[in-house]
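Chains, contacts and geometry: an overview
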Amino acid sequence: MAFDPASFNPAAGFPDFADLSPIFHVEQVQLQFQVAADFAAVQVANNVIILALVSGRLLRIDLANPQDVDDIDLPKKASEVGTIRKVFLDPTASHLIISTSHGENFYLHSRSTKPRHLSRLKSVHIECIAWSPALPSTSTREILVGAQDGSVYETYIEGVEESFMRREEKYSKLVYKTADGSPVTGLWVDMLPGKPDLRRVILTTPSSIMHWVGRIQRYGHADIASIFAKFFDSEGPSVEDFRDSSSPYSMLSISPESTDEDDPARIYAWLTAAGVYHGKLLTQPSSPELGTHVFSTSKLFSKAAIPTMKSPITSIALTEYHVLILCGTDIYAVNRLDDSIAFQEAIVDPGTKVLGLCSDVKKSTFWVFTTAEIFEVVVSDEDRDVWKIYLAEKSFDAAMRFARLPTQKDQVAVAHGDHLVAHGKYVEAAGVYGRSSKSFEEVALTFLENGEQDALRTYLLEKLVTLKPSSSMQRIMVASWLVEVFMSRLNSLEDQLSTITSHAHASQTSSDAIAAQLANVKEEYRQFVNKYKGDLDRKTTYEIISSHGRQHELLHYANSINDYSYVLAYWVQREKWLEGLDVLKRQTDPEMFYKYSSVLMANVPMETVDILMRQSNLKPRNLIPALLNYNKFTNVPLNQNQAVRYLLYVIHQLGSEDAAVHNTLISIYASHLSQDEQQLLQYLEAHTGDSQYDSDFALRLCIQHGHVQSCVHIYSSMGQYADAVELALKHGNVELASIVADRPEDDPVLRKKLWLSVAKKVIAKSDSTKNAIEFLRRCELLKIEDLIPFFPDFVVIDDFKEEICTALEDYSHNIDQLKKEMDESARTAEHIRGDIASLDRRYAIVEPGERCYVCQYPLLSRQFFVFPCQHAFHGDCLTTEVVRHSGVGKSRRIEDLQNGIQRGLVTGRKREKAVEDLDNLVASECILCSEFAIKRIDEPFVLPTDDLAEWAV
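Treat the numbers as computed from the prediction; the structure is a model and nothing was measured. (Residues numbered from 1 in each chain as written. Predicted model: local features only at pLDDT ≥ 70, side-chain atom pairs only at ≥ 80, totals over all residues. Heavy atoms only, no water.)

Points about the side chain of Arg457
With respect to the secondary-structure elements, Arg457 resides in helix 9 (residues 453–466). At 2.8 Å, the side chain of Arg457 forms a polar contact with the side chain of Asp454. If sequence neighbours within four positions are ignored, Arg457 has contacts with Leu482, Val485, Phe486, Arg489, Val521 and Glu524. (Helix = DSSP H or I, 4+ residues; strand = E, 2+ residues; numbered from the N terminus. Polar contact = N/O pair within 3.5 Å; in protein donor to acceptor, adjacent residues only side chain to side chain. Contact = heavy atoms within 4.5 Å.)

Shown next as structure tokens:
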């Protein structure tokens, strides 16, 4: 199958539809009410817009509910305080400060509609305010106020109205003044991360920008005093000057909070005569040198760069990536990264007065105001083309962060990879190329031609990540190639290491470096195998690794894919038995044990049996060939025989009842060279009753190997006592024969016969008649008359005269006993004859009022039966009860006899016989106190038809 490089394209299937909609466009805002005067100043914050009219009125509009408008008048007439110059709204829209042309200043809280006069700031023409970074709501906390005369005041304004005897400002203190009296056109205060007592202050004038970092002075919670009183005195600023500035327009703008988590620093922009000076508000290092770092990374956008700008720049605002510039009646959006013009549009007709730009840093909205109209600069998808700018600047990491579409990411990756290759950074390039669509063949050849094996390995690993799971053939090819690359690299490193080690003058540093690299590549290989083992063809991988002679890598691969059979076979072939056992002990597949048990038992029997005994899922029958093979070549005592050890474990601990297991143990016992049958006999005696072994098989083995006692035991267990006695006597073991002869205790005839065989042998072997007779007295069944035939003819009767006399006395005693028993029998027979005769005269008395025990009617009303127990029943009642509680056969017989008698179907002797049979069936026993009643014990006393009240206690 041909290799398909197209499958490596990560952008495949992801068409790049470029969004050609404009990033910026201007929309005019239509007010829902008429405004009677022109706008004097405008501010927007937190979705709240403040319109200051030249008439001295203020309109406060919540853009979320534009129909609700707060119409606010200053507490003094315009003739007294002048017209409104500027308004300053904090980012939360909680605090508003109004400055008039006569230097009067007023404060308005978002919860109030009555501005309050700021008497401490009287005659201060405010140009800018640095709000507290804590963004308070009930009070302004410590704020810095920049004035037209170059003064900077610190003040603290309570938002809640207090007693008329208290001033609105807690304090107002002059904390700084510019050296040349230049007006303060911009102020900014923020905290540095993790440093709650450090403040950064930025101050701008028309010609310079100053940056301070210092510690503020804190007081107790109950004290409210200036925190910047010593700040400006103790710290010197970093300054950036543009001395040739003569423009009346100057301001400081800060961007909204950044949405880029990787680069959260905000941006500042300072409008000066030379253009727009902008940069990042860096936060490190947190020392006075921070300003130097900020200015060193800042740059100036010159108005001369845009020939179409004929008018001076009057106002600026910052978006996240652009600077909005108001130039006359035209608005421009300049990309701050490359100074390119992203947007240009004339807002109103030439000659119309445009008040300026302002931004809502909380909501990231941007506004342009004329004296009569409001415009919103709508920003959408602002970072769409940022990746291109970073790519052109060769800032590839940043470009990748901003690239959205797969094709964009691919374009960045290709360019990044090419850049790295051009600078000889092949390994880094490999990681980047792996995520790109650059031709697989081209990249691979580049690394091969430059001998960059590490880079090639990295590239192939990256490509393996991007390949689809469905591209199985490509994944197998790449994975197999990676195995080859790994093996080649490992061999190369080991060769280098051995070469360096063999040279005495070689440095230890070089050796350690190569050893560390070798360890890293080995670890990388192990991780690769563990992760991509499913993409490796088993046979191919084995062949590749084996061809390089990499033993450890081969075993690691086999273990990772759970091919323990291969690992075990590997160690067995090399006769590494302990290593093989280490693999075996971790297995649970029974087939592994069956397959390798023979060779392991032959070489490491004890350890093998230890492992076998820990397995609970084995069939011992399947291990018998290995055990027998081991036993065939081993020559150790039975108590050290490992096959015996395992079989005894299976029988005693596992309770095996498999006859093959028991027969194998008997075979090993019987065939042992020691000819010691003690353990065999112990086993046979312990398993006499269960018969779990083949008795015929065991008997043949015992006969074959001459184990007499065992043979005798087996004959006895089989009930063949005669054969057992005969075998014992044949081998001259009279004691054993006598023991066997005593075993059939419940068969005296057989026992006597066995003992006669023993007696014959004992008498024949004994030199003393008296000793023989003494031995035979062990069996009480043997009599002297039974033994006399076995003695030789020449034996003198005096040798057993005493025994003969004893026997005659026993006979006399037995005769007397028999006579007594005969007399007793005669007397018993006479008594029986008398009892039979008295039966004919037996009778029972029936009282006149006696009733039937079934129906309770008078007994004498009709035919009845009376039993010896004095229970009496009517004949029909008794018949009904017997029929009801008897079996089907008996009930049918009674009914047939009744029908025959009542209908006259039988006459004469047959009728008499039928009546007699009927009486025998019905009246054979009393139904209340005989076996008939016992059979009815499961019937309840109280039937459903009975009256339960009669049984109440």
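Having seen the structure, we can now continue with the description.
Concerning the environment of Ser930
Checked against the element boundaries, Ser930 lands in the loop between helix 32 (909–922) and helix 33 (931–934). As for Ser930 and Cys869, which are separated by 61 residues in sequence, their C-alpha atoms are 9.8 Å apart.

A few points about the packing of aromatic side chains
Inspection of every chain in the model, using the stated rule, returns 27 aromatic pairs. Aromatic pair Tyr277 and Phe295: ring centres 6.4 Å apart, planes at 45 degrees, arrangement tilted. Remark: Phe295 occurs in helix 3 (residues 290–296) and Tyr277 occurs in strand 20 (residues 275–280); sequence separation between them is 18 residues. Using a relative accessible area of 5% as the deciding quantity, one classes Tyr277 as buried. Taking 5.4 Å as the distance between ring centres and 80 degrees as the angle between the ring planes, the aromatic pair formed by Tyr542 and Tyr557 counts as edge-to-face. Taken together, the residues span a long stretch of sequence, with Tyr542 in helix 12 (residues 538–547) and Tyr557 in helix 13 (residues 551–560) at a distance of 15 residues. The same class applies to Tyr542 as to Tyr557, namely buried. (Phe/Tyr/Trp six-rings, centres within 6.5 Å; stacked < 30°, edge-to-face > 60°. Buried < 20%, exposed > 50% of the residue type's maximum accessible area, 1.4 Å probe, protein only.)

A short note on the pattern of salt bridges
Evaluation of the coordinates by the stated rule reveals 32 salt bridges. The partner of Lys438 in a salt bridge is Glu442, and the shortest N-O contact between them spans 3.3 Å. Taking the relative accessible area as the measure of exposure, Glu442 reaches 41% and is therefore partly exposed. Among the salt bridges present, the one from Arg475 reaches Asp535, with a minimum N-O distance of 2.9 Å. Residue Arg475 is located in helix 10 (residues 472–502), and its partner Asp535 is located in the loop between helix 11 (508–532) and helix 12; the two are separated by 60 residues in the primary sequence. Here Arg475 matches Asp535 in class, with each residue buried. (Salt bridge = Lys/Arg side-chain N within 4 Å of Asp/Glu carboxyl O.)

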